[in-house]
Amino acid sequence: GLSPPRTMAAASRSWASLGALAYSNLVNPQRATTLACVMPWSLTQTRTAMKKAAGSTKNGRSSEPKYLGMKVGDGEKVWPGRIIAKQNGYRWHPGFNVGVGKNYTLYALEHGYVRVKTGKTECRNKSRNGKKRKLIHVCNEKTAAFIQ
């Protein structure tokens, strides 16, 4: 067999002679000698993958839960600082004795009981004044008659 060429010039000559040998084999099949016998490492065919390899996924990036909603039910007892509801935006609006955090969390300002009522709000903005909204109140003995 042939050994691989040692210099670039020898390599170009050997590859050129291989090309001529391949052409002569195509033209004259009686004189055909196998190229694989001459240089077996140069004629191996490699197949490439037709499908992507497994192990990659486009799913699995869900966000952390926010735990929003009512934390105290209607009629339950609360104390100052107790969180009544966590929300994004105003789903429920603060009523009497209820404060609002910077992330719209509603919390109790006084001791009492939670009351959820649908009522009209009083706003400075004329277009929003008198709209029906869900209001959350904290009732004690002083404000219970006023909310009824």
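Each remark here, short or long, concerns the structure printed above.
Residues numbered from 1 in each chain as written. Predicted model: local features only at pLDDT ≥ 70, side-chain atom pairs only at ≥ 80, totals over all residues. Heavy atoms only, no water.

Caption draft 1: Seen up close, the overall build of the protein chain. Helix and strand counts for the protein chain stand at 3 helices and 8 strands. For the protein chain, the α and β elements follow one another from N to C terminus as α-α-β-β-β-β-β-β-β-β-α. When the 148 residues of the protein chain are sorted by exposure, 23% land in the buried category. Taking contacts inside the protein chain between residues at least 6 apart in sequence as the whole, the part at least 24 apart equals 44%. (Helix = DSSP H or I, 4+ residues; strand = E, 2+ residues; numbered from the N terminus. Buried < 20%, exposed > 50% of the residue type's maximum accessible area, 1.4 Å probe, protein only. Contact = heavy atoms within 4.5 Å.)

Caption draft 2: Local environment of the pattern of salt bridges. Applying the stated criterion to the full structure yields 1 salt bridge. Of the charged contacts in the structure, one is a salt bridge between Asp74 and Arg115, with a shortest N-O distance of 3.9 Å. Of this pair, Asp74 sits in the loop between strand S1 (69-70) and strand S2 (77-78) while Arg115 sits in strand S7 (residues 112-120), placing them 41 residues apart in sequence. By relative accessible area, which is 45% here, Asp74 ends up partly exposed. (Salt bridge = Lys/Arg side-chain N within 4 Å of Asp/Glu carboxyl O.)

Caption draft 3: Up close: unusual backbone geometry. In the Ramachandran plot, Tyr67 falls in the positive-phi region, its phi being about 55° despite a non-glycine side chain. By secondary structure assignment, the location of Tyr67 is in the loop between helix H2 (35-38) and S1. The exposure class of Tyr67 is exposed, given its relative accessible area of 62%. In this structure, Tyr104 takes a positive phi of about 70° despite not being glycine.

Caption draft 4: Spatial organisation of the sheet that holds strand S3 (residues 83-86). Within the open sheet, the 4 strands sit side by side as S1-S3-S6-S5. Their pairing is antiparallel. Each end of this open sheet is capped by a strand with a single partner; those strands are S1 and strand S5 (98-100). The pairing of S3 with strand S6 (residues 106-108) spans 2 bridges and is antiparallel. Residue pairing for S6: Ile83 is matched across the bridge by Tyr107. (Pairing = 2+ DSSP bridges.)

Caption draft 5: Highlighting the nonpolar core. Among the nonpolar cores identified, the biggest contains 11 residues, and these are Val72, Val78, Ile84, Ala85, Trp92, Val98, Leu106, Ala108, Val114, Ile136 and Val138. Residue assignment for this core shows that the elements contributing at least two residues are S3, S6 and strand S8 (132-139). Excluding anything up to four places from it in sequence, Val114 contacts Val72, Gly73, Asp74, Gly75, Glu76, Val78, Ile84, Ile136 and His137. (Core = buried A, V, L, I, M, F, W, Y, C linked by side-chain atoms within 4.5 Å.)

Caption draft 6: Broad picture of the pairing of S7. Note: S2 against S7, 2 bridges, orientation antiparallel. Within the sheet, the bridge partner assigned to Val78 lies in S7 and is Gly112. Relative to S8, S7 runs antiparallel, the two being bridged by 8 bridges. Paired with Thr118 across the strands is Lys134, a residue of S8.

Caption draft 7: Looking closely at the pairing of S8. When you tally the buried positions in S8, you get 6 out of 8 residues, the bulk of the element. Judged from the 2 bridges that link them, strand S4 (residues 93-94) and S8 form a sheet pairing that is parallel. Among the inter-strand pairings, Pro94 is bridged to a residue of S8, identified as Ile136.

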